[in-house]
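Overview (structure and organization)
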Amino acid sequence: MDLLRFHAELCTLCNKCIQKCPFGALSMGEKGIEVNEKCRMCGVCVKVCPQRAIRFEQKARSQDKKDWKGFLIFAEQEQGKIHPVVLELIGAARKLAEKVGFEVNCVIVGSEGTSENAEMLLEYGVQHVYVFEHPCFEGFRADLYTDAVAECISKIKPSSVLIGATALGRSLAPRLATRFHTGLTADCTALDIRENTDMVQIRPAFGGNIMAQILITDSRPQFATVRYRVMDRAKRVEHPSGTVELQKIDEEMIQSGIRILSSEVLVHQKSIEEEDVLVVAGRGVKSERDVEMCRQLAEALGGQLAFTRPMVEDGYGDQKHQIGLSGRTVRPKLIITLGVSGAIQFTACMNQSGCIVAVNTDPDAPIFQIAHYCIVDDLYQVVPRLLECLKNRKEE
């Protein structure tokens, strides 16, 4: 998008817009004032221009797709380690890249230890890892991370940028998309690519009732955040041939408008996406007391209790523990569904589980079509027996 227009006949090149721009987005070029990707459309330049020679003009501009090539993965770090979603993004990107002959690269931002983590990424078939390492990148500060990743994007011009749909990723991605005046599709659950390099970004819409296919046909780069545990992890390659490239960090890049007054490391609470064992309470569970019985089963198995959307809407659980297109996507080693009918909005987000055990009184319930073990019985008969068996096993 070309958002700023300069009226050459009115502009006197007084430099006031350049001096007042808080983001360093304006500079003097050979043909007059030039705008770079740091522009955040704040409007300061429009207000301070004494000649009224600057205006906003939101008019779409087609990019030459041949100038934008490859995939760039933002490699998020969590407590000094690579977040698992990064390996899933690399796996998805490598599959798409094969279709159009693209490279898969990564950008990683952080403090001490970041270079070592970058070396690990090469084992998964990444061609280049661009590293921004500096003590000022300790902890996530949105403005610093945005500046660093934006510089990398401007340098290598990737066709698509993939970011994990984590708390950090959901903060970073829209800032980057705004910088480059392009589109962003959030919380994708599937990706594909066309021969012309347009990425098909698939995500639930209208409360999970439809799966929307979204394309950014003209602008580049294409930004997407992808849910954790919906893609297959990348596999290690036998002979890694990629390189780690340390990036120059100038003084301007580490000047943050955010001051950290204090910080505290929170105890990590395991999300249902990370669990190996889940027990799911569906509409067949009738009361709070019965929910507690299901929770006891989950704890006895060393896992967590999750819920279907109707159960969350009825107040039995929260969205953090909801499985489905409007909730979370999970892939545990074992999942036991209790009184769950198996609507497509639910099964689409758990059908990749290692072992699915379904308990339902209806022999025609859709959940049985994907379950590995089907128990056609009353959950109020099955769960107490399971709890008893687990108790006796522990006593032995």
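Remember, predicted model here, so these are calculated numbers, not experimental data.

Moving on, we come to the pattern of salt bridges. Overall, the coordinates contain eleven salt bridges when judged by the stated rule. A salt bridge links D147 to R179, with the shortest nitrogen-to-oxygen separation between them at 2.5 Å. Here D147, found in helix 5 (residues 142-156), pairs with R179, found in helix 6 (residues 167-179); they are 32 residues apart in sequence, far enough to count as distant. Pair check on accessibility: D147 and R179 agree, each one buried. D187 is the partner of R170 in a salt bridge, and the nearest nitrogen-oxygen pair spans 2.9 Å. Pair noted here: R170 is in helix 6 and D187 is in strand 11 (residues 184-188), with a separation of 17 residues, a long-range link. By relative accessible area, R170 is classed as partly exposed at 46%.

Relative to the helices and strands, R259 resides in the loop between strand 16 (243-246) and strand 17 (277-281). The class of R259 is exposed, set by a relative accessible area of 69%.

In this section: the UniProt feature "binding site: FAD" (unreviewed entry) in the protein chain. With numbering matched to this structure, UniProt assigns "binding site: FAD" (unreviewed entry) to R283, T308, R309, Q322, I323, G324, L325, S326 and N360. In three dimensions, the annotated residues from a span of 78 residues occupy distinct locations, with a maximal C-alpha spread of 23.0 Å. Structurally, the position occupied by Q322 is in the loop between helix 8 (309-313) and strand 19 (334-338). Ignoring sequence-local partners within four residues, the contact set of Q322 consists of I272, F307, T308, R309, V312, G327 and R328.

The rules behind the values
Residues numbered from 1 in each chain as written. Predicted model: local features only at pLDDT ≥ 70, side-chain atom pairs only at ≥ 80, totals over all residues. Heavy atoms only, no water. Salt bridge = Lys/Arg side-chain N within 4 Å of Asp/Glu carboxyl O. Helix = DSSP H or I, 4+ residues; strand = E, 2+ residues; numbered from the N terminus. Buried < 20%, exposed > 50% of the residue type's maximum accessible area, 1.4 Å probe, protein only. UniProt positions renumbered as here; feature names shortened; annotations may be inferred. Contact = heavy atoms within 4.5 Å.

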